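A structural walkthrough
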Amino acid sequence: MELRQLEYFVAVAEERNFTRAAERVHISQSGVSAQVRQLERELGAELFDRSARAATLTVAGKAALEHARAALAAAEAVRRSVDEVTGLLRGRISVGMVVGCAVLPLFEALAGFHAAHPGVELSLTEDNSDRLVEAVRGGALDLALVGTAAPPEGVGSVTVVSEPLVAAVAPGHPLAGRKRVALREVCAHPLVCMPAGTGLRTVFDRACAAQGLRPGIALEASAAGAVADLAARGLGVAILSESMAAGHADRLTAVALRDVADPALLALVWRDGAPAVPALLRRMRQAFGVAG
């Protein structure tokens with residue numbers, strides 16, 4: 001009896017179909033069928049009723065299923081224990097990043113981690129911050145880089161960037177000659193901002209609500225570069241973080257907002273579970289220069 005036979009047996013039992021099970025374990029259907037048949041011969045009993053379209057467990061199959069799952073779990077536990085001792089990591093980590101992210105430390109951390117742990121499969125997904133946090137909470141993602149107004153609840157988090165908001169305007173705009181302006185003055189102009197659900201927008205909306213302001217958002221764009229492009233063409237005042245605006249200093253003037261106290265945060269959020277997450281998190285902390 002081999003572990004792969006137990007793996008194929010469990011896959012067929014859970015999928016109730018040999019074809020889907022074969023796709024799940026990445027071998028041919030004939031290969032799955034042959035290995036399950038071999039297991040049945042060794043056990044001296046049929047594990048599946050193959051007379052119908054769906055592969056249903058026999059009484060013997062039902063009796064064997066939980067033991068097969070336990071054997072596979074025990075084998076995985078042995079593998080993890082050895083990996084911890086030898087410093088090897090395997091598995092898969094699902095990472096999320098806020099749409100339009102161009103934060104080089106994130107990419108440097110992923111590249112360094114991949115080079116150090118080639119046995120870990122990495123996936124990367126873009127979305128807005130609210131949905132990324134919910135995906136981490138729900139287990140669809142292991143770790144994400146998000147924009148936020150405050151550390152999210154229900155997940156591990158560490159702030160990697162904290163910056164004030166600024167108003168960024170094109171040359172010739174009435175605010176271009178100012179160093180500091182009140183939020184009320186900014187809201188008297190058409191605005192270009194990131195969509196609701198992004199961290200920067202949340203900070204801005206909260207600041208406006210605290211002063212009873214209802215800003216006129218003329219245009220929205222998910223990426224900082226797009227927000228800057230629209231403002232540079234005179235379509236509105238861009239609401240950006242300090243470093244975002246600094247990246248477009250050749251065509252936009254950043255004006256400080258004197259009555260917006262809360263900064264926009266960029267944070268790493270994660271859930272416990274995947275064995276490789278702590279190692280990736282350590283590398284990300286190093287890349288961003290965050291202690292811990």
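Preceding this section is the structure that the text describes.
An account of the accompanying structure is given in this report.

Conventions used here
Residues numbered from 1 in each chain as written. Predicted model: local features only at pLDDT ≥ 70, side-chain atom pairs only at ≥ 80, totals over all residues. Heavy atoms only, no water. Patch = residues over 30% accessible without salt bridge, like charges linked within 9 Å, V, L, I, M, F, W, Y side chains within 5 Å. Areas by Shrake-Rupley, 256 points an atom, 1.4 Å probe, with all protein chains shown as cover. Salt bridge = Lys/Arg side-chain N within 4 Å of Asp/Glu carboxyl O. Helix = DSSP H or I, 4+ residues; strand = E, 2+ residues; numbered from the N terminus. Buried < 20%, exposed > 50% of the residue type's maximum accessible area, 1.4 Å probe, protein only. Core = buried A, V, L, I, M, F, W, Y, C linked by side-chain atoms within 4.5 Å. Contact = heavy atoms within 4.5 Å. Pairing = 2+ DSSP bridges. Axes fitted to C-alpha atoms, helices over the stretch in contact; angles between N-to-C directions. Phe/Tyr/Trp six-rings, centres within 6.5 Å; stacked < 30°, edge-to-face > 60°. Parallel < 35°, antiparallel > 145°, perpendicular 65-115°, else oblique.

1. Observations regarding a nonpolar patch on the surface
- On the surface, a cluster of nonpolar side chains totalling about 270 Å² of accessible area is made up of L104, F107 and L124.
- Locating L104 in the fold gives a position in helix α5 (residues 104–116).
- A residue is classified by how much of its surface remains accessible, and L104, at 54% relative accessible area, is exposed.

2. Section: the nonpolar core
- By size, the foremost hydrophobic cluster in this structure holds 36 residues, and its most contacted members are L165, L183, V186, F204, I239 and L240.
- Of all the secondary-structure elements, those providing two or more residues to this core are β7 (165–169), α7 (183–186), β9 (191–193), α8 (199–210), α9 (224–232), β11 (237–241) and β12 (253–257).
- Each residue touching F204, except ones within four places of it in the same chain, is listed here: L165, L183, C187, L191, C193, P215, I217 and I239.
- Core analysis: the next-biggest nonpolar cluster, separate from the first, contains 23 residues, L143, L268, L280 and F288 among them.

3. Considering the sheet that holds strand β13 (residues 264–270)
- Read from one edge of the open sheet, five strands run β4-β3-β5-β13-β6, paired in mixed fashion. Either end of the sheet is taken by a strand with one partner, and the two such strands are β4 (120–127) and β6 (156–163). Between one strand and the next, the sheet's axes are offset by a mean angle of 20 degrees, whatever the strand orientation.
- Sheet topology note: the strand β3 (residues 91–98)/β4 ladder contains eight bridges and is parallel. Considered in β4, the bridge of V95 is made with L124.
- Each of β3, β4, β5 (143–148) and β13 touches helix α6 (residues 129–138); the most contacted strand, β5, lies at about 145 degrees to it.
- Sheet contacts for helix α11 (residues 277–288): β3, β4, β5, β6 and β13; angle to β13, the most-contacted strand, approximately 155 degrees.

4. A word on the sheet that holds β12
- Pairing within the open sheet is mixed, and its six strands lie in the order β8-β12-β7-β11-β9-β10. A single partner strand is all that each edge strand has here, and the edge strands are β8 (180–181) and β10 (217–220).
- Of the strand pairs in this sheet, β9 and β11 are connected by two bridges, and their pairing is parallel. In the sheet register, L191 faces β11, and the bridge partner there is V237.

5. A short note on the packing of aromatic side chains
- Taken as a whole and assessed by the stated rule, the structure comprises two aromatic pairs.
- Measuring from centroid to centroid gives 5.8 Å for F18 and F48, while their planes differ by 70 degrees, and the two rings are edge-to-face. Taken together, the residues F18 in helix α2 (residues 18–25) and F48 in strand β1 (residues 48–49) connect sequence positions 30 residues apart. Taken individually, F18 and F48 each receive the classification buried, so the pair is uniform in this respect.
- Taken together, the ring pairs connect F9, F18 and F48 into an aromatic cluster.

6. Points about the packing of α2 against helix α3 (residues 29–43)
- Running from N to C, α2 and α3 cross one another at 100 degrees; their axes reach a closest spacing of 8 Å. By the angle between their axes, α2 is roughly perpendicular relative to α3. Side by side, α2 and α3 meet where F18, T19, A22 and V25 of the first sit next to Q29, V32, S33 and V36 of the second.

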